[in-house]
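# Chains, contacts and geometry: an overview
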Amino acid sequence: MMEAKATAQAPGEPPTAPLSMAGAGPGAGLCSCALISARTSTSSSSSETFRAKLDAAIANERDVSPYDEFSSEEGNSAARNREVLELMQRDRDSLAVSRVIGDVLDPFTRSVHLRVIYSTREVTNGCEFRPSAVAEQPRVEVGGSDFRSNYTLVMVDPDAPSPSDPTLREYLHWLITDIPAKTEATHGQEIVCYESPRPQLGIHRYVFVLFRQLPSRQAVDAPGWRQNFNTRDFAELYNLGSPVAAVYFNCQRESGSGGRRM
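As the structure is a prediction and not an experimental result, all values here were calculated from the model.

The rules behind these values
Residues numbered from 1 in each chain as written. Predicted model: local features only at pLDDT ≥ 70, side-chain atom pairs only at ≥ 80, totals over all residues. Heavy atoms only, no water. pLDDT = per-residue confidence, 0-100. Contact = heavy atoms within 4.5 Å. Pairing = 2+ DSSP bridges. Helix = DSSP H or I, 4+ residues; strand = E, 2+ residues; numbered from the N terminus. Phe/Tyr/Trp six-rings, centres within 6.5 Å; stacked < 30°, edge-to-face > 60°. Buried < 20%, exposed > 50% of the residue type's maximum accessible area, 1.4 Å probe, protein only. Lys NZ or Arg CZ within 6 Å of the ring centre and 35° of its normal.

The next thing to look at is the confidence of the model for the protein chain. When pLDDT is averaged along the protein chain, the result is 77; 63% of the residues meet or exceed 70. Confidence drops under a pLDDT of 50 for residues 58-74, and excluding neighbours within four residues, the segment shows 38 contacts in the predicted structure.

On to the sheet that holds strand S1 (residues 114-118), then. Taken together, the three strands give an open sheet; going across it, the order is S2-S1-S4, and neighbouring strands pair in antiparallel fashion. In the strand order of this sheet, the two ends are held by strand S2 (121-122) and strand S4 (139-142), each with one partner. By the bridge criterion, four bridges tie S1 to S4 in an arrangement that is antiparallel. Its bridge partner being in S4, Ile117 is matched across the sheet by Arg139.

What the rule picks out here adds up to eight aromatic pairs. Considering the side-chain rings of Tyr206 and Phe249, the 5.4 Å spacing of their centres and the 20 degrees angle between planes classify their relative orientation as stacked. Placement of Tyr206 in strand S8 (residues 204-212) and of Phe249 in strand S9 (residues 245-251) is noted, with a sequence separation of 43 residues between them. With a relative accessible area of 1%, Tyr206 lands in the buried category. Of the residues examined, Phe249 reaches a relative accessible area of 0% and is grouped as buried. Ring geometry for Phe229 against Phe234: centres 5.5 Å apart, planes inclined by 45 degrees, an arrangement best described as tilted. Residue Phe234 is classed as buried on the basis of its relative accessible area, which comes to 6%. Taken together through their ring pairs, the aromatic side chains of Tyr118, Phe129, Tyr206, Phe208 and Phe249 make up a single cluster. Over the ring of Phe129 we find Arg121; its NZ or CZ atom is 4.1 Å from the centre of that ring.

Another aspect to go through is unusual backbone geometry. At the junction of Ala160 and Pro161, the peptide bond is cis and its omega measures out at -5 degrees in the coordinates. Take Pro161: it is sitting in the loop between strand S5 (150-157) and strand S6 (171-180). At the junction of Arg169 and Glu170, the peptide bond is cis and its omega measures out at -10 degrees in the coordinates. In this structure, Asp178 takes a positive phi of about 60 degrees despite not being glycine. Along the chain, Asp178 turns up in strand S6. For Asp178, a relative accessible area of 24% corresponds to the partly exposed category. Even without glycine at this site, Lys182 takes up a positive phi of about 60 degrees. Checked against the element boundaries, Lys182 lands in the loop between S6 and strand S7 (189-192).

Here it is in structure tokens:
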């Protein structure tokens, strides 16, 4: 703790108060804290308003333009929107560079937020997990603003049994339908239960794909087997259209080091 240094003064003079508190009443410190708190609260509220409006724009499938102004009070809205567009482009680039787009999906534009969280760690494109960290099914949060919308989630491994010879591509790890917007996957109907990743050879990609369902959709039947599932064929069969979100992580054996992905 820092101690205030006493200043020299003439004999008989009353002690002088520290400069920072000179002339301050008993409540001065509290007033300053209240002011800081109010400013922080206003900033947080403004940020939450921006995110909420942006989520609504994405959920309504409206293209986000760098020149959109969600609120005149947001300051430099165009700059913030450009940042969002750059993040979305980075997502697409990551999926393309990793060949998730190509091996599993065709090019698409993300329009709904998708969060996949194992324990306390969120999946981001290209991040690495060990099998022990993904043994239990993750928490999956689905965005969207229309509560009448439902979503289908697919999790596949396009590198089974090995990245160099993926004869079982795609291996289906999880399939859930009828997930309401702005809820978690646990609110949907589990068609194929979660099977934890257990790669034996090389580094595998595990891909989560989210589709928006049509209001009138036929019931989804569980596939007869997990191996050689095809996400594109599945989407076409049930008229799901293009994905609205996707994210993937890499995983190899618990004791693995390095290894091949391709």
